Amino acid sequence: PQVGDAVVSHHVKHCYYTAKVAAFDRKERTFTVDWDDGDQKGRTQPYRLVCKHVPPAADEVGVGTVVLFTQGKYNFEGHRLDRYHEGRVTAIERGADGEAVYVGEHTKGEADGKWVTYKDYERTFRRPLAQLRVAGNLMATLSVE
């Protein structure tokens, strides 16, 4: 991701939300983001916890890939936005329309301090590629001046 790009970024604990990149610190390898909901907390995050807010290419996701996927929504000062979670792909299946469906489970659970009692929580996920996000290549980010 580059300054100005829409991203899905870690916030606190095991929470990921949408934002835009405000800055990148090459030395510290951290992004500073502006949250879409206007929150001012948790804005600086390590590069590996920030994903460009675009679907990955099919050759970027396979069994074992760590992805971000939506599950549930949250309210923040009148905004109703998607809540993203980190998961690992465990299988790739074909849907009724022949489209690939990525199946997996959360990488963190209750034992890790993850909140799992909200209404929309499910331990597993099934999503088409268009609904997944993956972390970018740090070398590509560092090569841009």
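Structure shown above.
Residues numbered from 1 in each chain as written. Predicted model: local features only at pLDDT ≥ 70, side-chain atom pairs only at ≥ 80, totals over all residues. Heavy atoms only, no water.

1. A few points about the environment of V63
With respect to the element layout, V63 can be found in the loop between β5 (50–52) and β6 (66–76). Once the C-alpha coordinates of V63 and R88 are considered, the two residues, 25 residues apart in sequence, prove to be 7.7 Å apart. Discounting chain neighbours no more than four positions away, the residues touching V63 are V89, T90, A91 and I92. (Helix = DSSP H or I, 4+ residues; strand = E, 2+ residues; numbered from the N terminus. Contact = heavy atoms within 4.5 Å.)

2. Let's talk about the side chain of Q45
Tracing the backbone through its elements, the reader meets Q45 in strand β4 (residues 44–46). A polar side-chain atom of Q45 sits 2.7 Å from a polar atom in the side chain of H10. The residues touching Q45, leaving out its near neighbours within four places in the chain, are S9, H10, H11, T30, F31 and V50. (Polar contact = N/O pair within 3.5 Å; in protein donor to acceptor, adjacent residues only side chain to side chain.)

3. Quick look at the nonpolar core
With 10 residues, the main nonpolar core is built from V61, V67, F69, V89, A100, Y102, F125, L129, L132 and V134. At the level of secondary structure, the elements contributing two or more residues to this core comprise β6 and β8 (100–106). Sequence-distant contacts of L132, that is, excluding residues within four places in its chain, are made with V54, P55, P56, V61, V67, L68, F69, Y102, F125 and R127. (Core = buried A, V, L, I, M, F, W, Y, C linked by side-chain atoms within 4.5 Å. Buried < 20%, exposed > 50% of the residue type's maximum accessible area, 1.4 Å probe, protein only.)

4. So, unusual backbone geometry
Phi angles above zero are rare outside glycine, and K13 is one such case at about 45°. Along the polypeptide, K13 turns up in the loop between β1 (6–10) and β2 (16–25). The phi dihedral of R29 falls on the positive side, at around 55°, and the residue is not glycine. Relative to the assigned elements, R29 resides in the loop between β2 and β3 (30–35).

5. Considering the packing of aromatic side chains
Overall, the coordinates contain 3 aromatic pairs when judged by the stated rule. Pairing F24 with F31 gives two aromatic rings, centres 4.7 Å apart and planes at 45°, and the pair type is tilted. In this structure F31 comes out as buried when scored by relative accessible area, which is 1%. Ring centres of F69 and F125 lie 4.2 Å apart, and the angle between their planes is 20°; on these two criteria the pair is classed as stacked. With F69 in strand β6 and F125 in strand β9 (residues 124–128), this residue pair connects regions lying 56 residues apart in the sequence. The pair formed by F69 and F125 is uniform in burial state, with each residue classed as buried. (Phe/Tyr/Trp six-rings, centres within 6.5 Å; stacked < 30°, edge-to-face > 60°.)

6. Details of the pairing of β2
Bridge count between β1 and β2: 5 bridges; the pairing is antiparallel. Following the sheet pairing, H10 is matched in β2 by Y16. Here β1 hands over to β2 after 5 residues, with K13 in that stretch at a positive phi of 45°. Linking β2 back to β3 in an antiparallel pair, the connection comprises 4 residues, with R29 at a positive phi of about 55°. (Pairing = 2+ DSSP bridges.)

7. With respect to the pattern of salt bridges
Considering all chains together, one arrives at 5 salt bridges under this definition. Among the salt bridges present, the one from D39 reaches K41, with a minimum N-O distance of 3.8 Å. For D39, a relative accessible area of 10% translates into the label buried. We classify K41 as exposed; its relative accessible area is 55%. The partner of R123 in a salt bridge is E105, with the nearest N and O atoms 2.8 Å apart. Of this pair, R123 sits in the loop between β8 and β9 while E105 is found in strand β8, placing the two residues 18 residues apart along the sequence. (Salt bridge = Lys/Arg side-chain N within 4 Å of Asp/Glu carboxyl O.)

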